[in-house]
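Residues per chain are reported as follows:
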Amino acid sequence: MSNHIVWHQTIISKGDRQSIKGHKSCVLWFTGLSGSGKSTLANAVELKLFELKKHSYILDGDNIRYGLNKGLTFSKEDRFENIRRIGEVAKLFVDSGQIVVTAFISPFREEREKVRNLFEDGEFIEVFVDCPLDECEKRDPKGLYQKARSGEIREFTGIDSPYEEPLNPEITIQTKDCTIDRATEIIINYLKEKQII
Ligand SMILES: Nc1ncnc2c1ncn2[C@@H]1O[C@H](COP(=O)(O)OS(=O)(=O)O)[C@@H](OP(=O)(O)O)[C@H]1O
Ligand SMILES: Nc1ncnc2c1ncn2[C@@H]1O[C@H](COP(=O)(O)OP(=O)(O)O)[C@@H](O)[C@H]1O
């Protein structure tokens, strides 16, 4: 790390940016197994926020790995780096005054905590998309579990790579029992209760 880098304070602050948008900014950090419903719920929540005229943006695992994080594998080290970069990007979005919705497996507790620590109190909202492995495997929306079971994909989360459940998430949604509409309502209500929107 160079010693010759000095943080430049911008004239316009996060609070200024939030005030012209008419709401606060935060990150809704969805975490859960592949197929648990992260992308589905992230999109449903963003659609609702859009209808309410709130400024939001989705960062989704598959999409980010096409560009910014192209080349990162699913080894533990690369997953750490993946989440570290996303955390920094999410922080920029929050600084820009937006509600950022992220959909990454983010399987390691410690890495999620490091991301949480980048934010001010209340800005990082961990949403545990809780779904039993057998149900995710039954859904298998991309056919990846089948490939993992046959050995075509290695280090697949839940099969031969760990998933550490959140211990104290702000919100838990059990997608085996909770409809997409109800889950969206729970998350939007949380943002209202916390006076973010
Ligand atoms: N080995 C392995 N393990 C888990 N997932 C895999 C793997 N290989 C490819 N995929 C696809 O990549 C998506 C997960 O990427 P993430 O960036 O969210 O993963 S992580 O947070 O770095 O663990 C994940 O997307 P979701 O199904 O939306 O979770 C998969 O489509
Ligand atoms: N209550 C629910 N919430 C979210 N997804 C659900 C629910 N019930 C069934 N599903 C289905 O489960 C699958 C979840 O896939 P996806 O959203 O891509 O998960 P992830 O992003 O976690 O991999 C989708 O096909 C979705 O329609």
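The chain carries the name Adenylyl-sulfate kinase in an unreviewed UniProt entry, which gives Robertmurraya mangrovi as its organism. Looking at the chain in UniProt, the text filed under Pathway (unreviewed entry) is "Sulfur metabolism; hydrogen sulfide biosynthesis; sulfite from sulfate: step 2/3." Its UniProt record gives the chain a comment under Function (unreviewed entry), which states: "Catalyzes the synthesis of activated sulfate."

This next bit is on the site of ligand 1. For ligand 1, the set of nearby residues contains 21 residues, the closest of which are Ser-34, Arg-79, Asn-82, Ser-106 and Glu-155. At 2.9 Å from an oxygen atom of ligand 1 is found a side-chain nitrogen or oxygen belonging to Lys-38. In the environment of ligand 1, an oxygen atom lies 2.8 Å from a nitrogen or oxygen atom belonging to the backbone of Ser-106. Protein coverage of the free-state accessible area of ligand 1, which is 630 Å², stands at 93%. Contributing elements (two or more residues each) for the shell around ligand 1: helix H3 (61–66) and helix H4 (76–95). Among the residues making up the shell around ligand 1, the classes are represented as 8 nonpolar, 6 polar and 7 charged.

On the secondary structure map, Phe-108 appears in the loop between strand S3 (99–103) and helix H5 (109–116). For Phe-108, a relative accessible area of 6% corresponds to the buried category. In the structure, Phe-108 is positioned 54 residues away from Pro-162 in sequence and 8.0 Å away in space, judged by C-alpha atoms. Excluding its chain neighbours within four sequence positions, the residues that come into contact with Phe-108 are Lys-76, Arg-79, Phe-80, Pro-162 and Glu-164.

All right, on to the state of the cysteines then. Per the counting criterion, the structure on display carries 0 disulfides. Here Cys-26 is not cross-linked by a disulfide; its sulfur's nearest cysteine counterpart is in Cys-178, at 19 Å. A residue is classified by how much of its surface remains accessible, and Cys-26, at 0% relative accessible area, is buried. This cysteine, Cys-178, is not joined by any disulfide, and Cys-131 carries the nearest cysteine sulfur, 11 Å off.

What counts, and at which threshold
- Residues numbered from 1 in each chain as written.
- Chains lettered and ligands numbered in written order.
- Predicted model: local features only at pLDDT ≥ 70, side-chain atom pairs only at ≥ 80, totals over all residues.
- Heavy atoms only, no water.
- UniProt positions renumbered as here; feature names shortened; annotations may be inferred.
- Near = heavy atom within 4 Å.
- Polar contact = N/O pair within 3.5 Å; in protein donor to acceptor, adjacent residues only side chain to side chain.
- Areas by Shrake-Rupley, 256 points an atom, 1.4 Å probe, with all protein chains shown as cover.
- Helix = DSSP H or I, 4+ residues; strand = E, 2+ residues; numbered from the N terminus.
- Nonpolar A, V, L, I, M, F, W, Y, C, P; charged D, E, K, R; others polar.
- Buried < 20%, exposed > 50% of the residue type's maximum accessible area, 1.4 Å probe, protein only.
- Contact = heavy atoms within 4.5 Å.
- Disulfide = S-S within 2.5 Å.

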